[in-house]
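Listed below, chain by chain, are the residues.
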Amino acid sequence: MELRQLEYFVAVAEERNFTRAAERVRISQSGVSAQIRRLERELGANLFDRSTRVVALTSAGEAALAHARSVLAAAGSVGRAVTDVTGLVQGRLTVGMVAGCTITPWFDALAAFHAAHPGVELALREDDSTRLADDVRSGAVDLALIGAASTTPEGLDSLTIVSERLVVAVPHGHPLARLPHVTLDDLSAHPVICMPPGTGLRAVFDRACAVRDLRPRIAVEAGAADAIAALAVRGLGAAVLSESMARHYRDHLTARPLTDAEEPALLALVWRAGHNPAAEALVERAREAFGVGADERV
């Protein structure tokens, strides 16, 4: 008895027609008939009643059908298990990350994954968050670390790493540094340094301004927090950053919360479930590196 015989048997039973079953399994009708006859001889019983125009199962065929389906399902599970294992032994994992990423736990996660699965080639790609999410959907990228506004992109599995409010960071002697908190109206009186369109931080900032019909003057756009902070220190404008970003520059900049920009900016991993087992393994390494619990996956 062979798996292909069981496959042909199930196809004929479900299609109730040898011609349609042959089309389904992509061999000739005579080939299907010959294999079914061979299976019947091995079992010592007819599986189909061929005396009518519509092929019907005999009592023996009815009894065999459920078992045949179970055997085929088990064989499929074996194949999927082997694929999952080999996917973590060898292959390629294309990983995207938002441009200018300098987050140490993310690099720790990549290093831990590489140590555990040295046969998987890691290919890293930097881009803005919008394009990276599109690339994950299309399969061009297996997994990406992106910035998002309030919610992660639809149609993808995701793990939120950071969820923070926006702050304004300015030199210690700046007028905004003397305020206990800063509103978007306050900020609009000064040139602004921020991330470019296509990033999560910029999406949050633009939406908050649009709600209040404000059009702040964007003096400089930069894709890296280090560049934004360095320009703010030199007086080119007020930096719009997340809370954790601003903490890195507290020796040179005073951070004040933007009280009326309430929507959080997210940093999240996004991937397509089942697309690449190596991506799922990297997600677990990231969960460990960032200390993120299972309940924070959305």
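Please read these numbers as outputs of a predicted model, since none were measured by experiment.

Asks: Which residues make up the packing of aromatic side chains, and what values go with them?
Replies: Tallying each qualifying case throughout the model produces two aromatic pairs. For the pair Phe18 and Phe48, a centre-to-centre distance of 6.0 Å together with 70 degrees between the ring planes defines the contact as edge-to-face. With Phe18 in helix α2 (residues 18-25) and Phe48 in strand β1 (residues 48-49), the pair connects residues that are 30 residues apart, well separated along the chain. Aromatic ring contacts, followed pair by pair, group Phe9, Phe18 and Phe48 into a single cluster.

Asks: Which residues make up the packing of helix α1 (residues 3-15) against α2, and what values do they have?
Replies: Remark: α1 packs on α2, axes separated minimally by 8 Å, with the N-to-C direction vectors making an angle of 130 degrees. Between α1 and α2, the angle falls in the class oblique. Here the hand of the crossing between α1 and α2 comes out right-handed. For the pair α1 and α2, contact is made by Glu7, Tyr8, Val10, Ala11, Val12, Glu14 and Glu15 and by Phe18, Arg20, Ala21, Arg24 and Val25, respectively.

Asks: Would you mind going over the pattern of salt bridges in detail, with residue names and values included?
Replies: Inspection of every chain in the model, using the stated rule, returns 20 salt bridges. One salt bridge in this structure joins Glu40 and Arg50, with 3.1 Å as the shortest N-O distance. Of this pair, Glu40 sits in helix α3 (residues 29-43) while Arg50 sits in the loop between β1 and β2 (56-57), and the two are 10 residues apart along the sequence. Judged by its relative accessible area of 4%, Glu40 is buried. On the accessibility criterion, Arg50 (29% relative accessible area) is partly exposed. Notably, a salt bridge pairs Asp134 with Arg137, separated by 3.1 Å at the nearest N-O pair. Of this pair, Asp134 and Arg137 both sit in helix α6 (residues 129-138), three residues apart, which is roughly one turn of the helix. Residue class for Asp134 comes out partly exposed when judged on its relative accessible area of 40%. A cluster of three or more residues bridged by salt bridges with shared partners is formed by Glu14, Glu15, Arg20, Arg24 and Arg69.

Asks: Could you give an account of the nonpolar core, naming the residues involved and the relevant values?
Replies: By size, the foremost hydrophobic cluster in this structure holds 36 residues, and its most contacted members are Leu166, Val168, Leu187, Phe205, Leu241 and Leu258. Residues in contact with Leu258, not counting those within four places in the same chain, are Arg165, Leu166, Val167, Val168, Val182, Thr183, Leu184 and Leu187. Leu110, Leu145, Trp271 and Val292 belong to the second largest nonpolar core, which has 24 residues in total.

Asks: Give a description of the sheet that holds strand β7 (residues 166-171) that names residues and reports values.
Replies: Taken in spatial order, the five strands line up as β9-β8-β10-β7-β11 in an open sheet, and their pairing is mixed. Taken across any chain shown, the strands that pair with only one partner, and hence form the sheet edges, are β9 (218-221) and β11 (253-257). Each neighbouring strand pair of the sheet contributes to a mean axis angle of 30 degrees, computed without reference to strand direction. Sheet analysis places strand β8 (residues 192-194) next to β9, joined by three bridges and oriented parallel. If you follow Val192 over to β9, its bridge partner there is Ile218.

Asks: With reference to specific residues and values, describe α3.
Replies: The first and last C-alpha atoms of α3 sit 21 Å apart over 15 residues, in line with the 21 Å expected at 1.5 Å per residue. Of the positions making up α3, those classed as buried are Val32, Gln35, Ile36, Leu39 and Glu40. One face of α3 carries all of its buried residues, which in axial projection span an arc of 140 degrees. Exposed positions of α3 whose direction lies more than 90 degrees from the buried face are Ser30 and Arg41. In this fold, the buried residues of α3 make contact with α1, α2 and β1. Taken from the residues just after α3, Gly44 is the one with a positive phi, measuring 75 degrees.

Each value, and the rule that gives it
Residues numbered from 1 in each chain as written. Predicted model: local features only at pLDDT ≥ 70, side-chain atom pairs only at ≥ 80, totals over all residues. Heavy atoms only, no water. Phe/Tyr/Trp six-rings, centres within 6.5 Å; stacked < 30°, edge-to-face > 60°. Helix = DSSP H or I, 4+ residues; strand = E, 2+ residues; numbered from the N terminus. Axes fitted to C-alpha atoms, helices over the stretch in contact; angles between N-to-C directions. Parallel < 35°, antiparallel > 145°, perpendicular 65-115°, else oblique. Left-handed = near helix turned anticlockwise from the far one by under 90°. Contact = heavy atoms within 4.5 Å. Salt bridge = Lys/Arg side-chain N within 4 Å of Asp/Glu carboxyl O. Buried < 20%, exposed > 50% of the residue type's maximum accessible area, 1.4 Å probe, protein only. Core = buried A, V, L, I, M, F, W, Y, C linked by side-chain atoms within 4.5 Å. Pairing = 2+ DSSP bridges. Expected span 1.5 Å × (residues − 1). Arc of directions from axis to C-beta.

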